[in-house]
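Each chain, letter by letter, is given below.
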Amino acid sequence: MIITLLDKCRSLEKCENCPLLGKTSKCKEVCPTEAIFYINNKSFTCLTCGICAKVCPNKAIKKNKFGGYYVDRKRCNGCGICAENCPIKIIRIVERDGKKFPIGICCMCGLCIEACPFNARVSSYELMFKKKEGLVERYLKVLESLTKNKIFKIREIKLSERKRKSIKIDLDKCIGCLKCSYLCPRYTIMPRNVNYCTYCNLCKEACPKDCIENGEVNEEKCVLCLRCVRVCPTNALKVENFKIKKVKESKKIKPVRYCINCSLCAEVCKSGALKLEDLLLYSPDLCWKCGACIEICPNEVRFIENDRVDGACSLCEVCINNCPVGAIKIEEVSFRKIKDENCILCGTCFNVCPKEAIIIDRSNREIIFTDNCILCENCSIHCPRNIIPNTTGYKKVVDRENSFIRVDMDVCIKCGLCNKVCPNECIDYGVIDIKKCEFCGACYNICPTKAIYLYRKWKAL
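Residues numbered from 1 in each chain as written. Predicted model: local features only at pLDDT ≥ 70, side-chain atom pairs only at ≥ 80, totals over all residues. Heavy atoms only, no water.

A. Just the overall build of the protein, in detail. Counting its regular elements, the protein contains 16 helices and 29 strands. Compactness check: the protein gives a C-alpha radius of gyration of 29 Å against a globular reference of 23 Å for 461 residues, more than 25% above the reference. C-alpha atoms of the protein, sized along the principal axes, occupy 100 × 45 × 45 Å. When the 461 residues of the protein are sorted by exposure, 51% land in the buried category. With 79 positive and 53 negative side-chain charges, the protein shows a separation of 2 Å between the mean positions of the two kinds. (Helix = DSSP H or I, 4+ residues; strand = E, 2+ residues; numbered from the N terminus. Rg over C-alpha atoms; globule rule 2.2 N^0.38 Å. Buried < 20%, exposed > 50% of the residue type's maximum accessible area, 1.4 Å probe, protein only. Lys, Arg positive; Asp, Glu negative; His and termini not counted. Charge placed at Lys NZ, Arg CZ, Asp CG, Glu CD.)

Here it is, written out as structure tokens:
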């Protein structure tokens, strides 16, 4: 909800020298959905209470990614039930181009906040998080008194306080030996099934005569005990005519992803075989092998092999204790709020969040994590600007060839919101330059009539 700080809002008739005297207020001028109205020369706005969405018989009013609401005009039949139930009577049914639909529903685009010359418009998120709930309550009480209607109480939003422990691999420090992956008892560090010698030197550690290093054998010292052959995780060593030979190419390969103990798999496990108690525990005897945990894993590290499910880190520290360069450590991770000038507020993080734990506060240009957040980092894996911290070692980008975006011009109201939010200036009142578009979803998420259709296919970077 966006509210007006009533003490700051200037009456348009209060000052004879005011250049705005007799004109429409700036906030109302820029509002694309006509969701601002006046009472006693003060501006009030749609409360984004969601009552209209609840009572709509066609489910044509839905919540967007920014806490506002939009009207799907293809589903709307203009019945007016939303207007009848609006607690402040701001919703009106209008007819344009032979089609009836409601206006007056706030989409939380934040344009009114930017346009207000007196800084009187502010997001209720900001007020609540800054412990200024009294301003919100006062605003609602004034509105209730002026409209003579009972107004709901604002639902409190709790910020995330959750912390998570997981391994963190410093890929800049990593030398690509993959020793961590080979030794991991739960097979959580990818890649697996490597077909090269990666200089892990497990052969040297196993050799009783210290006659092999990185797969190269000192034949004079070798006693053919074959321990090196047995411990080689990639079968790169072979015995030929009483000699140990390296039979595979050498190549350094860095880990591409690993389990971060986010517990998404435990949340979807119906059999009770997975549970989180500071670390992720797995009991194979209880597992149904249904694959739900594999499907939900944001890092794609879970798999079924030899009639058991693997790929969940148990923080045993084997990888830490055996890394030759100390590139692995256990790190405590927590998310709260992110404010970064490079963030384009596209809403992709909200789109991919499996817990709906993210709020995009456009008015303050912040990403907010609520107490539903479990730190799975699916948001950071998909973030097109790498704004959200990523400890996973994994990154996904849009597969342009298998994605599409289009605009239904019959539904588009030419409000220009898409123009304002597009980071690449590739859309002009619904007309898209597909060559410049990066499928970030900013226009799709902000469109107040859902005239934009977006389908994204993701691929690993």
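B. Representation of the pairing of strand β2 (residues 36–39). Direction of pairing for β2 relative to strand β3 (residues 42–45): antiparallel, over a ladder of four bridges. The residue of β3 that forms the bridge with F37 is F44. Counting the residues between successive antiparallel strands, the hairpin from β2 to β3 contains two residues, one of them, N40, with a positive phi of roughly 50°. (Pairing = 2+ DSSP bridges.)

C. Summary view of the nonpolar core. One finds L143, I358, I367 and F369 to be the most contacted residues of the largest nonpolar core, which totals 75 residues. The greatest single-element share of this core, amounting to four residues, is contributed by helix α6 (residues 133–147). Excluding residues within four positions of it along the chain, L143 makes contact with F37, I39, F44, L47, I88 and I151. Among the nonpolar cores identified, the runner-up in size contains 22 residues, and I189, L264, C313 and C319 belong to it. (Core = buried A, V, L, I, M, F, W, Y, C linked by side-chain atoms within 4.5 Å. Contact = heavy atoms within 4.5 Å.)

D. Fine view of the environment of D408. By the element assignment, D408 lies in the loop between β25 (404–407) and α15 (417–421). Excluding its chain neighbours within four sequence positions, the residues that come into contact with D408 are K74, A451 and Y453. A polar contact of 2.9 Å, which involves the side chain of D408, links it to the side chain of K74. (Polar contact = N/O pair within 3.5 Å; in protein donor to acceptor, adjacent residues only side chain to side chain.)

E. Inspection of a nonpolar patch on the surface at higher detail. Residues L224, V239 and F242 make up a contiguous nonpolar surface patch of about 290 Å² in total accessible area. Here V239 lies in strand β13 (residues 237–239). (Patch = residues over 30% accessible without salt bridge, like charges linked within 9 Å, V, L, I, M, F, W, Y side chains within 5 Å. Areas by Shrake-Rupley, 256 points an atom, 1.4 Å probe, with all protein chains shown as cover. Salt bridge = Lys/Arg side-chain N within 4 Å of Asp/Glu carboxyl O.)

F. The arrangement of the side chain of H382 in detail. The topology assignment puts H382 in helix α14 (residues 378–382). Residue contacts for H382: discarding those within four places in its chain leaves T348, V352, K395, K396 and W458.

G. Geometry of the pattern of salt bridges. Within this structure, the stated rule accounts for 20 salt bridges. Among the salt bridges present, the one from E34 reaches R96, with a minimum N-O distance of 3.0 Å. With a gap of 62 residues between them, E34 in the loop between α1 (26–30) and β2 and R96 in strand β6 (residues 92–96) connect regions that are remote in the sequence. Overall, R96 belongs to the partly exposed group, its relative accessible area being 38%. One salt bridge in this structure joins K337 and E366, with 3.7 Å as the shortest N-O distance. Residue K337 is located in strand β21 (residues 337–338), and its partner E366 is located in strand β23 (residues 366–369); the two are separated by 29 residues in the primary sequence. Residue K337 is classed as partly exposed on the basis of its relative accessible area, which comes to 37%. Its relative accessible area of 11% is what places E366 among the buried residues.

H. Molecular detail of the packing of aromatic side chains. On inspection of all chains with the given rule, the structure shows five aromatic pairs. Where F335 meets F369, the ring centres are 5.0 Å apart and the plane angle is 45°; that geometry is what we call tilted. Of this pair, F335 sits in the loop between β20 (328–333) and β21 while F369 sits in strand β23; the two residues are 34 residues apart in sequence, bridging distant segments of the chain. Neither F335 nor F369 differs from the other in exposure class; each is buried. An aromatic cluster is defined as three or more aromatic residues linked by ring pairs; in this entry it consists of F37, F44 and Y139. Over the face of the ring belonging to Y187 we find R192, whose NZ or CZ atom lies 5.4 Å from the ring centre. (Phe/Tyr/Trp six-rings, centres within 6.5 Å; stacked < 30°, edge-to-face > 60°. Lys NZ or Arg CZ within 6 Å of the ring centre and 35° of its normal.)

I. Region of interest: the sheet that holds strand β22 (residues 358–361). If you trace the three strands from one edge of the open sheet to the other, you get β21-β23-β22, paired in antiparallel fashion. A strand with exactly one partner marks an edge of an open sheet, and here the two such strands are β21 and β22. Sheet topology note: the β22/β23 ladder contains four bridges and is antiparallel. Looking at β23, one finds that I360 is bridged to I367.

J. Layout of the environment of L5. Mapped onto the fold, L5 is located in the loop between β1 (2–4) and α1. Residues L5 and V136, 131 residues apart in the sequence, show an inter-C-alpha distance of 8.7 Å.

K. Here's a closer look at the environment of S166. Relative to the helices and strands, S166 resides in strand β9 (residues 164–169). Overall, the relative accessible area of 1% leaves S166 in the buried class. Considered as a pair, S166 and A83 are 83 residues apart in the sequence and their alpha carbons are 50 Å apart. When neighbours within four sequence positions are excluded, S166 is seen to be in contact with I260, N261, L315, K329, I330, E331 and V333. In terms of polar contacts, S166 uses its side chain to reach the side chain of R164, at 3.1 Å.

Shape descriptors only; they carry no functional weight alone.
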